[in-house]
Amino acid sequence: MNMTTEQAINRILENQIPVKSDIEYLLSIEDKEDIAILFEAARVCRDQYCGKKVHLRGIVEFSNYCSQDCIYCGIRKSKDEVARYRLSFEEIIGAVQTIYDAGVKTVVLQSGEDPYYDTGMISKIIKEIKISFGLAITLSLGEREFIEYDVWRQNGADRYLLKHETANPKIYSALHRGQQLEQRLEHLGYLQQLGYQIGSGNIIGIPEQTLADIADDIILCTKYELDMASFSPFIPAAGTPLGDWEKANVLLTLKTMAAARLALKNTHIPATTALATLDARGREKGILCGANVVMPSFTPAAVKPKYEIYDNKRCITEDAAACMPCLKARIESCNVSIDEGFGHSLKLAPIC
Ligand code: SF4
């Protein structure tokens, strides 16, 4: 066995903030035996800090309107050929009902940055979900006004998902048309201050990104002590400036997830739909590399194909309820069970 791999793993496990060169080393390993050692270490770490469990989060993508123009995104503002939709209050609550009926205890309300849903509308949805279903609520609405985060938290939102995408400020500005990484991190910090359980994460395989950048992404996640961190492979979306850029490498994505598990310990890490899109067994492979969350979409079938942030998104035409038996069987084939609780942050004292 290559001792350097073992040493890098052990040092990351021992340090609160990992050493960048150790992460870079693990991201660079090519030897099959070394890779197997890394993945096994990540599984053991997940089992130790998170249990042999996977949490389900049901996503409702309620609007594909977006005021932003991220150059990689299939629903960016300037992509004219997107058939835009907005779900009504009743349609959103109907989708949440299907999440509740499926026994899933977290709803993720996701949209582009769409100010049509103002502070009051989102508050009304949050209150209705809490009163009628009692589910945990994650918001994933992009950057909004600080006062809105505040109001939604007071109305019962539990978590906020805001990916940093890349810890490299130059690449961040290139992807987001001159916007600053600093601003994104300011929002993340404020959300944390308000008591949200916060999720963030990167995209793997974007232009100009190096292994050192990915290592920085993981270190940023440790510094923010994230409750959830997502490491998604880039998949091109036709008709965008990155439409011809090559898709991310699955193995690098898995190595990133495994190294992140070692560094982040009890942070929730999803096996993403993007990973399942790139590889038919992507979800299983992600779980076998230390992931402990899966986020199926419960967006109504009539509009689900319109929320195509990248091409050929997995399970886009299927009805969520019909997908559940297949999804559960796939998860359980990885020697883990499905957790039936709310799946709150493992960094908090138990919340009932
Ligand atoms: S990534 Fe998000 S914020 Fe950017 S264009 Fe797409 S939906 Fe909008």
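First, a word on scope: everything that follows refers to the structure included in this document. Note on numbering: residues in each chain are counted from 1, in written sequence order. Note on the predicted model: pLDDT of at least 70 is required for a residue's local features to be given, and 80 or more for side-chain atom pairs to be given and counted; whole-chain, interface and lining totals, by contrast, use all residues. With hydrogens and water stripped out, all remaining heavy atoms of the structure feed into the side-chain values.

A closer look at the packing of aromatic side chains
- Two aromatic rings, drawn from Phe, Tyr or Trp (for Trp, its six-membered ring), form a pair once their centres lie within 6.5 Å of each other, and the interplanar angle then sorts them: stacked below 30 degrees, edge-to-face above 60, tilted otherwise. Going through the model one piece at a time under the given rule, you end up with seven aromatic pairs.
- A centroid spacing of 5.1 Å and a plane angle of 85° characterise the contact between Tyr116 and Tyr117, whose relative ring orientation is edge-to-face.
- A residue is classified by how much of its surface remains accessible, and Tyr117, at 2% relative accessible area, is buried.
- With centroids separated by 4.3 Å and ring planes inclined at 10°, the aromatic side chains of Phe146 and Tyr190 adopt a geometry described as stacked. Partly exposed describes any residue whose relative accessible area lies between the buried limit of under 20% and the exposed limit of over 50%, with all areas from a 1.4 Å probe on protein chains only and scaled to the type maximum.

Considering the site of the ligand
- Cys66, Gln68, Cys70, Tyr72, Cys73, Ile75, Arg76 and Gly112 make up every residue found near the ligand.
- Throughout this entry, Asp, Glu, Lys and Arg are counted as charged residues, while Ala, Val, Leu, Ile, Met, Phe, Trp, Tyr, Cys and Pro are counted as nonpolar. The remaining residues, Gly among them, count as polar. Tallied by class, residues from the shell around the ligand come to five nonpolar, two polar and one charged. Here a residue is near a molecule or strand as soon as one of its heavy atoms is found within 4 Å of it.

Describing the sheet that holds strand E9 (residues 337-338)
- Reading across from one edge, E8-E1-E9 is the order of the three strands in this open sheet, with parallel pairing throughout. Lying at the two open borders of the sheet, with one neighbouring strand each, are strand E8 (293-294) and E9.
- With two bridges joining them, strand E1 (residues 53-56) and E8 adopt parallel strand pairing. Paired with His55 across the strands is Val293, a residue of E8.
- Any pair of residues with heavy atoms lying within 4.5 Å of one another is described as a contacting pair. Here, axes are lines fitted to C-alpha atoms. For helices the fit covers the stretch in contact, and angles between N-to-C directions go from 0 to 180 degrees. Helix and strand assignments come from DSSP, with helices taken as H or I runs of at least 4 residues and strands as E runs of at least 2, each series counted from the N terminus. Strands E1, E8 and E9 of the sheet are contacted by helix H13 (residues 320-332), whose axis makes an angle of about 155° with E1. The rule for pairing is simple: two strands pair if DSSP sees at least two bridges between them.

Quick word on the pattern of salt bridges
- What makes a salt bridge here is a side-chain nitrogen of Lys or Arg within 4 Å of a carboxyl oxygen of Asp or Glu, nothing more. Summed over the entire model, instances satisfying the criterion amount to 12 salt bridges.
- Between Lys20 and Asp216 there is a salt bridge, with the nearest N and O atoms lying 3.1 Å from each other. With Lys20 in helix H2 (residues 20-28) and Asp216 in helix H9 (residues 211-223), this residue pair connects regions lying 196 residues apart in the sequence.
- Note that Asp279 is salt-bridged to Lys285, the shortest N-O span being 2.7 Å.

A look at the environment of Ala42
- Here Ala42 is to be found in helix H3 (residues 32-50).
- C-alpha separation for the pair Ala42 and Lys255, spaced 213 residues apart in sequence, amounts to 9.5 Å.
- Not counting residues within four places of it along the chain, the set of residues in contact with Ala42 comprises Ala258, Arg261, Leu262, Cys289 and Gly290.

Focus on the sheet that holds strand E2 (residues 58-63)
- With parallel pairing, the six strands of this open sheet are ordered in space as E2-E3-E4-E5-E6-E7. Sheet topology places E2 and strand E7 (228-233) at the edges, where each strand pairs with a single neighbour. Across the sheet, the axes of successive neighbouring strands diverge by a mean angle of 20°, strand direction being ignored.
- Where strand E5 (residues 159-161) meets strand E6 (residues 197-204), three bridges bridge the pair, whose relative direction is parallel. The residue of E6 that forms the bridge with Tyr160 is Ile198.
- The sheet contacts of helix H10 (residues 250-264) involve E6 and E7, and relative to E7 the element is tilted by about 165°.

Here's the deal with H13
- How far a helix is expected to stretch is found by multiplying one less than its residue total by 1.5 Å. The first and last C-alpha atoms of H13 sit 18 Å apart over 13 residues, in line with the 18 Å expected at 1.5 Å per residue.
- The largest bend in H13 is about 25°, located at Cys326.
- Those residues of H13 that sit buried are Ala320, Cys323, Met324, Leu327 and Ile331.
- Check the buried side of H13 and you find it contacts E1, helix H12 (282-287), E8 and E9. For a residue, the bend is simply the angle between two axes, fitted respectively to the seven-residue segment ending there and the seven-residue segment starting there.

Digging into the environment of Glu182
- With respect to the helices, strands and loops of the structure, Glu182 is situated in helix H8 (residues 181-193).
- Spatially, the C-alpha atoms of Glu182 and Leu26 are 28 Å apart, while their sequence positions differ by 156 residues.

Focus on unusual backbone geometry
- A positive phi is found at Arg177, a non-glycine position, where the angle reads about 50°.
- Inspection of the secondary structure assignment puts Arg177 in the loop between helix H7 (169-175) and H8.
- For Glu225, which is not glycine, the phi dihedral falls at a positive 50°.
- Relative to the helices and strands, Glu225 is located in the loop between H9 and E7.

Some words on the packing of H9 against H10
- Orientation of H9 relative to H10, taken along the N-to-C sense of each, is 35°, at an axis distance of 10 Å. Between H9 and H10 lies a crossing of right-handed hand. Contacts between H9 and H10 pair Leu211, Ile214, Ile218, Cys221 and Thr222 from the former with Leu252, Thr256, Ala259, Ala260, Ala263 and Leu264 from the latter. For a crossing to be left-handed, the near helix must be turned anticlockwise from the far one by less than a right angle; the clockwise case is right-handed.

Overview of helix H6 (residues 146-154)
- Of the residues making up H6, those classed as buried are Glu148, Tyr149 and Trp152. Take H6 and look down its axis: the buried residues cluster within an arc of 100°, on one side only. Seen from the buried face of H6, the exposed residues on the opposite side, beyond 90 degrees, are Ile147 and Gln154.
- The inward-facing, buried residues of H6 contact helix H5 (119-132), strand E4 (136-140), E5 and H8. When we speak of the arc, we mean the arc of directions from the helix axis to the C-beta atoms.

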